[in-house]
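Geometric and topological summary
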Amino acid sequence: MLDQRLSGPVRGGLHAVIGGPGTGKTVAALQFLREGVRAGGRVAMLTQARPADLIDLAHSIGIDLTAHLQAGRWLLVRQGRGRAGPAGHRHLRAAGRGA
């Protein structure tokens, strides 16, 4: 329904999902990115969440995030709080690959 209302996402575009705590931003992002992976793409997610929390949330809605991370189809980029290196970000790796 959202795709129809917005005429679909812009291919190759950057998409920001905004809203207050508990409004479903992370769930919507996980579902959106899952569809990108299903279509054969590689996806990335900028987040402040802990990797374990994202993996658990994804699992609760039927997404095997660990498998996508390990296969290199999904990249998590954690926006750090405080000093975390250049531009305040850290790249996260899948469980079993140095996470």
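Residues numbered from 1 in each chain as written. Predicted model: local features only at pLDDT ≥ 70, side-chain atom pairs only at ≥ 80, totals over all residues. Heavy atoms only, no water.

All right, on to the nonpolar core then. Leu30, Met45, Leu65, Trp74 and Leu76 are the most contacted members of the largest nonpolar core, which totals 13 residues. Going through the elements one at a time, helix H2 (25–38), strand E1 (43–47), helix H3 (51–60), helix H4 (65–70) and strand E2 (74–79) are the ones with two or more residues in this core. Tallying contributions element by element places H2 first for this core, with four residues. Discounting chain neighbours no more than four positions away, the residues touching leucine 65 are Leu54, Ile55, Ala58, Trp74 and Leu76. (Core = buried A, V, L, I, M, F, W, Y, C linked by side-chain atoms within 4.5 Å. Buried < 20%, exposed > 50% of the residue type's maximum accessible area, 1.4 Å probe, protein only. Helix = DSSP H or I, 4+ residues; strand = E, 2+ residues; numbered from the N terminus. Contact = heavy atoms within 4.5 Å.)

This part takes up the confidence of the model for the protein chain. In this model, the protein chain carries an average pLDDT of 77, and 70% of its residues clear a pLDDT of 70 or more. Per-element averaging of pLDDT across the protein chain places strand E3 (residues 89–92) at the bottom with 44 and H3 at the top with 93. Within the model, pLDDT remains below 50 along residues 82–99, and this stretch shows 32 contacts once partners closer than five positions in the same chain are excluded. (pLDDT = per-residue confidence, 0-100.)

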